[in-house]
Amino acid sequence: MGLQSSRRRAGALTVAPLTTALGAEISGVDLAVPLTDAVIAEIRAALLDHCVIFFRDQQLDVAAHKRLARAFGDIFIHPNFNTGDHDPEVVTITRNPGDTKIVGEEWHTDTTMMAEPPMGALLYALDVPPYGGDTLFANQYLAYEGLSEGMKTLLAGLKCIHSDRKVAGPNAPVTRGKRSTPVRTDGAWRETRSSHPVVRTHPETGRKCLFVNHSYAIGFEGMSEAESQPLLDWLMDWGHRPEFTCRFRWQVGSLAFWDNRCVKHLALHDVHDHRRVMRRVQIAGDRVR
Ligand code: SIN
């Protein structure tokens, strides 16, 4: 089915799916003004249906960006980006020519070392390269549903430890390259760990999805990291098979809103000669069940 033929109007909004797996572009709404309850409900419904939704040509200053986030929950303050020199509710993700490391270059779900990882994020494009710098998303409902019954049985009840040691702190790989977006790497930083089910149930849709990711998952509860690694690696790679994904090309004023409970994403590290600047506000989530 072509994009055009699948375009549909949901109340005031038009929702155009991007791929079979996930993603939809939404038009017919100005996100810079306070939204009515009806429009907020339509956006939430589109998010639940498509897992990640995209808006074009939005004019969002910081206040409007935060107001939009608050329409869907409390703002989440990221402990590792909270370097004390900027508004803790906002993370500006910058890459400059010559950067060898970027934020989000591995397939990941955001901030899963927390006991209550964020439910979602609103990423807004301030400055984009003429080409490159796309973001990829992968549907983790499909990743779970595509497993064999034997694997589903094996994973039922299994928990995974998530740690932020690979993305922050004095020993993180980020300290061994040039990255324009600072994260805490100071000596006072302490690792945060949480244990989450490998298969979670989405609190709003009730659907099961796979919940392990390259940036944070380090091993299964009750097993050594070495014992865990082969299966964990397989599950994490399985989770971004091409048929589970979509890819978004940014323009200045584009906004992506992803459901962090059922989506993994990756920032493509292919912009070497250009600047790319994004503003991100995360929305608080709840305990993973
Ligand atoms: C992120 O992982 O939140 C950053 C994504 C991006 O910059 O495209």
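About the criteria used
- Sequence order sets the numbering: in each chain, residues are counted from 1 along the sequence as written.
- The model is predicted, so local features are restricted to residues of pLDDT at least 70 and side-chain atom pairs to those at 80 or more, both for listing and for counting; the totals for chains, interfaces and linings are taken over all residues.
- Note: side-chain values were computed over all heavy atoms of the structure, leaving out hydrogens and water.
- The set of buried Ala, Val, Leu, Ile, Met, Phe, Trp, Tyr and Cys residues whose side-chain atoms join them within 4.5 Å is what this entry labels a nonpolar core.
- Burial classification: accessible surface area is computed with a 1.4 Å probe over protein chains only, and a residue below 20% of its type maximum counts as buried, one above 50% as exposed, and the rest as partly exposed.
- Under the DSSP-based scheme used, a helix requires at least four consecutive residues in state H or I and a strand at least two consecutive residues in state E, with every element numbered from the N terminus.
- Any two strands between which DSSP finds at least two bridges are classified as paired.
- The axes used here are C-alpha line fits, helices contributing only the stretch in contact, and every angle between their N-to-C directions lies in the interval 0 to 180 degrees.
- By the counting scheme adopted, Arg and Lys are positive, Glu and Asp are negative, and His together with the chain ends is not counted.
- Take a side-chain nitrogen of Lys or Arg and a carboxyl oxygen of Asp or Glu: if they are within 4 Å of each other, that pair is a salt bridge.
- Polar contact is defined as a pair of N or O atoms within 3.5 Å, subject to the rule that within protein one atom must be able to donate a hydrogen and the other to accept it, and that residues adjacent in sequence are counted only when both atoms are side-chain atoms.
- Here, residues are in contact when the closest pair of their heavy atoms is within 4.5 Å.

1. A word on the nonpolar core
At step 1: If you look at the biggest cluster of nonpolar residues, it comprises 29 residues, and the most contacted ones within it are L22, V52, F54, F137, W250, W258 and V263.
At step 2: Within the residue set of this core, elements represented by two or more residues are β4 (52-55), β6 (91-95), β7 (120-127), β14 (245-248) and β15 (255-259).
At step 3: At three residues, β7 tops the list of elements feeding residues into this core.
At step 4: Of all hydrophobic cores here, the second largest spans 27 residues; its members include L13, A46, I53 and F257.

2. Topic: the sheet that holds strand β8 (residues 135-139)
At step 1: With respect to topology, three strands assemble into an open sheet ordered β14-β8-β16, the strand pairing being antiparallel. Edge positions in the sheet fall to β14 and β16 (263-267), since each of these pairs with one other strand and no more. Direction aside, neighbouring strands of the sheet carry axes that sit 20° apart on average.
At step 2: Strand direction decides the pairing type here: β8 and β14, joined by four bridges, are antiparallel. Within β14, the residue paired with T135 across the bridge is F248.

3. Quick notes on the side chain of R279
At step 1: Mapped onto the elements of the fold, R279 is located in strand β17 (residues 276-283).
At step 2: Here R279 sits buried without a salt bridge, and the closest side chain of opposite charge, D61, lies 6.4 Å off (N-O distance).
At step 3: A distance of 3.0 Å separates polar atoms of two side chains, one belonging to R279 and the other to H65.
At step 4: Residue contacts for R279: discarding those within four places in its chain leaves L60, D61, V62, H65, V90, V91, L122, L123, Y124 and L126.

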